Structure formats: C-alpha cells, structure tokens
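For reference, the chains in residue letters:
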Amino acid sequence: MPPATAPTSSTPVQPSRVQVLHPGGGRTTGPVVYWMLRDQRLADNWALLHAAGLAAASAPAAPIAIAFALFPRPFLLGARRRQLGFLLRGLRRLAADARARGLPFFLLEGGPAEVPALVRRLGASALVADFSPLRPVREALEAVVGELRRDVADMAVHQNAAAVTQVDAHNVVPVWAASGKLEYSAKTFRGKVSKVMDEYLVEYPELPALMPWDGEQPEDVDWDALINRICREAENVPEIDWCEPGEAAAMEVLLGSKDGFLTKRIKNYDMCRNDPTKPRALSCLSPYLHFGHISAQRCALEAKKCHHLSPKSVDAFLEELIIRRELADNFCYYQPHYDSMAGAWEWARKTLMDHAADKREHIYTREQLENAKTSDPLWNASQLEMVHLGKMHGFMRMYWAKKILEWTSGPEEALSVAIYLNDKYHIDGRDPNGYVGCMWSICGLHDQGWKERPVFGKIRYMNYAGCKRKFDVDAYISYVKRLVAQAKKRKAEEARDTGSKHPKSEAIQQLSMSKTLI
C-alpha cells in the first residue's frame, strides 16, 4: 500500500505531489531538512518549495537546511569516474549557490546512514526527501524512515522525532498521481496523464522568504580534494567535456541565445531527431535531467511558449519529455524487477525463452562488445560514440541493444550486458530511461508482438539494412571516426604534457574527451 498523500497545507505544493512516509512524534518547532537526492537544483524544485513551506508554516517560523548524502560503494557500482565527476562538480556549484542564499548545505560523505543523526543534531521538525523509483534510493530512504520511526518508539526522544515526507520533484505529473498501477504502454499511460496535465503543468511559485540559519554550521568541503579522491578510487571511465554541470549550464542548453535548444535548434527536432547524422537536432538535455540540474517541468513550460513557432517539433519534444520519460518512472516504480527478465511481460519472456537456444551467426563476449570488436561497423561506431562521448544517439541505442540480443548466448545475458555497458559509459546511466530503453529493445517492454523470427521471437527486429534505409550509415560511421581521430591526437598531446597515462580498456585507450557538442 502506498504512503498516504499529504493533507492540504499552507505549502505551495499540490498535496498530491507529497507523500507522508512517517508522521513523526508531533514536534512542531525546529528546522526543516531537505534531503536532496535526485533533484540537484535550487530553482524549480517542488521538494525544496515544500520544505520551505513547512518551515514558514511552523510556529515560530523555522529555517531550512539542505543535506546531500554520497551513497556508499554498493550503490555506486554503476557509477564511474565519468558520472561521479559530473555529480560532484555540479554539487560544488550548488553548494556555492546555496551558501549565497543563506542555505546551509551539509555534504554527508558517510552516506544516507548519516541522515538520521543529522536530523537529531539539528533538532529538525521535518525531513523532506525528493523521489526516485530506483531500488537503491528507495531502500536507503526506507532505512532512514525506519531509523526515525524508532525515535517515536523511544519515549525519551518521542517529542523530538521528525516527520518524513517525500515529494516527486522530478516528474511533471507525480508518478503515483499519473497512475496507480504498472502501465502496459505509452498509449494507456498517455491518456491518464493528459487528463491531469493542466493541474500539474503550472508555473513554479517563488521560494518564500527564509529564516536565517543559526544552527550547526556545515563543515567546509575541500571540493578539489574530494573530487580527486573519489574519481581516483572510481573505475577510470574518463569524464566528458562537451557539457558543463550545474543549473546555469542546463538553462543555457535549454534557452541560450547562441545554441539553445528552444531558441535555435528545436525547429529540426520533429524531422531530424531519429537521424544519427544530425545530432544537433537533439536537445542535449539528458545529463541535466538525469542529475536534476534542470526541471522537466521548466523545460515543458518553456517549450509550450514557443509552440506556435514549431508546433510539430514541440509536440514531439513534449511526448518524449513527459509521456515517454515519465512512463519509465512508472515502470521502475511499480515493477521491482525493472532490470531483469523477471520484469518483462509474460508473452515476451515466453517468446525469448522459446528462441534462447536458436543458432546465432555471431557470439561475442562482453569484452569484445565493450571494445567494439564486432563485424558490424555501424554497431562498432555506436559503441565508440558511447564510450567516447558518454552518450549515444537515441535511434542508435535501439539498434545497439537489439544487436546485443542477437550476439549473446541468451536474453538474460543480453540484458545484463546492455545494462552494464549503458550504466558504465552513458553520462545518464543508472536511470529509469536507460533501464526501460534496454527492456524495450531486448524484452519488448511497452511494445507489441511482431512477426516471429529466429533469436528475436516476437520481439521487434532491427538490422543494418533497415538503418541504411533510414539514414546515411556511412556518414554516421565517418562522423564517429573523426571523433576518434581527434581523441587520439588529444590523447597524445596530453601524454606529452603530463608524462603519464592511466590504464584503460582498449576502447577507452583509443579515445579521450572531445570538445564536440552533439
């Protein structure tokens, strides 16, 4: 049974966007702590607005603090230097912005286990968390709630026990309000979301005036040392440099006067978004949406303002931004096996297992795939694009995953390899969209059955010839080769400058970060 929706309150957030995870011990005074998880921004953040509203409504009015807990290594198995560097550099900017606004920012290097202790030390009346449907985050939140529930059972601290609420600040329509069940397809989900869209797609209110913070001061963070240490300890997938982390950089990509998506590039989105030779047609917002540096709701609001200029492109963008993206959250929220065959529909599992023993033309190991050592130059190019740039064109992601199904010993291995490579190299890996993309390609999720064929069964089929009919395959391969050549040159220059090299996989040794923005 899902947690109760918050009753109507004086906060500026719709009650249906808030869930009460723990009512607390009745404490009505003390600061409010916002435990920032997925939505790493100050602007356009419903969770922060809810925390501020709770603080303003308390008697007397209370201050608020922000806490961010660095998850321990088990959660970071899918995060390498590439993702961790982006995360930490974004947090450094966020901490500086928070300090400028008088908001204390507590970085908890020991992970979520430190959250209850912080809540107790600060004498907090409430803890507000944002929302993620992924298991590690939900388990961490449940553990924190369980710890604070024990405070209520302990009569010595009962009156000081903090209430805990969760706010879906990531989706335009809160995941539990969009649907109360696992949706079968975009068609069924679209109808439900459309009915309530006007209720939720509204402009954000201003953050209310905040009481000055007079409590415990956060420890100073040596960000350079922290970033160097964590990145040094992480698996060495090089960082990207085609996008800068942070809220300001995200807004520049969305609305910048020189190369903003909505200001300069969206007119080509409808016709060109599925052509890998035209990467500038894409929004380039996925890193910022994944790390919460920008709100999807802000993107949608701004897109609607220019609907009259490019109606088909704006409609297509909103379909991807809201319906498809939030359908992924629906799947991961209601399906605990979102990253395994157990999460596929019964028809898909049956057809895949019926054909699991079919003869494959090629069988490649995970290492061969990771190092782009296949007989398919198009697939190799897509793999190198992902390794090099930290992203792969959306159309190529489908082809890429389906070929992994064709080239591995069975669907379980194919799904495992696809998720491993996706999470290791994509800057937006470890995301509901990534899991659903792999599940769609390999397990037919949110799709229908097609003509039965070897290996694929009734799963939708894609091949090289079909790609050639859709776009200039040779041009795409040449584009990636140019990036590789640029990277080799830059790598040689860096080696001369530093006199040192880091051990890397063969594919990474071919590549270092490119300045090319796609």
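An unreviewed UniProt entry lists the protein chain under the name Deoxyribodipyrimidine photo-lyase, from Panicum miliaceum. The annotation that UniProt attaches to the protein chain under Sequence similarities (unreviewed entry) is "Belongs to the DNA photolyase class-2 family."

Turning our attention to the pairing of strand E3 (residues 32-36). Judged by how many residues are buried, E3 sits mostly within the fold: 5 of 5 residues are covered. Residues of E3 alternate between two faces, with Val32, Tyr34 and Met36 on one and Val33 and Trp35 on the opposite face, all of them buried. Relative to strand E4 (residues 64-69), E3 runs parallel, the two being bridged by 5 bridges. If you follow Trp35 over to E4, its bridge partner there is Ala67. For the crossover from E3 across helix H1 (residues 46-57) to E4, the handedness is right-handed.

The interhelical angle for the contact between helix H8 (residues 247-255) and helix H12 (residues 296-305), taken along N-to-C directions, is 25°, at an axis separation of 11 Å. Viewed along their axes, H8 and H12 adopt a mutual orientation that is roughly parallel. Considering only the axes of H8 and H12, their crossing is right-handed. Taking contact as the criterion, the partners of Met251, Leu254 and Leu255 in H8 are, on H12, Arg298, Cys299 and Glu302. The class makeup of the residues in the contact of H8 with H12 is 4 nonpolar, no polar and 2 charged.

Before going further, it helps to examine the UniProt feature "transmembrane region" (unreviewed entry) in the protein chain. UniProt tags residues 46-71 as "transmembrane region" (unreviewed entry). Measuring from the first to the last C-alpha atom of residues 46-71 gives 23 Å, for a span that is 46% helix and 23% strand.

All right, on to the packing of helix H17 (residues 394-407) against helix H18 (residues 411-425) then. Remark: H17 packs on H18, axes separated minimally by 8 Å, with the N-to-C direction vectors making an angle of 140°. Looking at the two axes, H17 sits oblique to H18. When the axes of H17 and H18 are compared, the crossing they make is right-handed. Note on element contacts: H18 touches H17 through Pro411, Ala414, Val417, Ala418, Leu421 and Asn422, opposite Arg397, Trp400, Ile404 and Leu405. The class makeup of the residues in the contact of H17 with H18 is 8 nonpolar, 1 polar and 1 charged.

This part takes up unusual backbone geometry. Omega for the bond connecting Ala59 with Pro60 falls within 30 degrees of zero, at -5°, which places this linkage in the cis form. Of note, Pro60 is situated in the loop between H1 and E4. With a phi close to 55°, Ala372 is a non-glycine residue in the positive phi region. Position of Ala372 among the secondary structure elements: in the loop between helix H15 (366-370) and helix H16 (377-389). Overall, the relative accessible area of 10% leaves Ala372 in the buried class. Even without a glycine there, the phi angle at Val455 is positive, about 65°.

For the rest of this paragraph, the subject is the side chain of Glu370. For Glu370, the position within the fold is in helix H15. With relative accessibility at 7%, the residue Glu370 sits in the buried group. Among the polar contacts listed, one links the side chain of Glu370 to the side chain of Tyr425, at a separation of 2.5 Å.

With that out of the way, let us pick up the pattern of salt bridges. Going through the model one piece at a time under the given rule, you end up with 29 salt bridges. Across the pair Glu235 and Lys424 runs a salt bridge whose closest N-O atoms are separated by 2.8 Å. Taken together, the residues span a long stretch of sequence, with Glu235 in the loop between helix H7 (223-233) and H8 and Lys424 in helix H18 at a distance of 189 residues. With relative accessibility at 38%, the residue Glu235 sits in the partly exposed group. Overall, Lys424 belongs to the buried group, its relative accessible area being 5%. For the salt bridge of Arg280 with Asp259, the shortest nitrogen-to-oxygen distance reads 2.8 Å. Within this pair, whereas Arg280 is found in the loop between helix H10 (269-272) and helix H11 (286-290), its partner Asp259 is found in the loop between H8 and helix H9 (261-265), the two being separated by 21 residues in sequence. Arg280 gets classed as partly exposed once you look at its relative accessible area, which sits at 45%. Taking the relative accessible area as the measure of exposure, Asp259 reaches 23% and is therefore partly exposed. Within the structure, one salt-bridge network assembled from shared partners comprises Asp44, Glu203, Arg298, Glu302 and Lys305.

Rules and cut-offs
Residues numbered from 1 in each chain as written. Predicted model: local features only at pLDDT ≥ 70, side-chain atom pairs only at ≥ 80, totals over all residues. Heavy atoms only, no water. UniProt positions renumbered as here; feature names shortened; annotations may be inferred. Buried < 20%, exposed > 50% of the residue type's maximum accessible area, 1.4 Å probe, protein only. Helix = DSSP H or I, 4+ residues; strand = E, 2+ residues; numbered from the N terminus. Pairing = 2+ DSSP bridges. Right-handed = clockwise from strand over helix to strand, strands pointing away. Axes fitted to C-alpha atoms, helices over the stretch in contact; angles between N-to-C directions. Parallel < 35°, antiparallel > 145°, perpendicular 65-115°, else oblique. Left-handed = near helix turned anticlockwise from the far one by under 90°. Contact = heavy atoms within 4.5 Å. Nonpolar A, V, L, I, M, F, W, Y, C, P; charged D, E, K, R; others polar. Polar contact = N/O pair within 3.5 Å; in protein donor to acceptor, adjacent residues only side chain to side chain. Salt bridge = Lys/Arg side-chain N within 4 Å of Asp/Glu carboxyl O.

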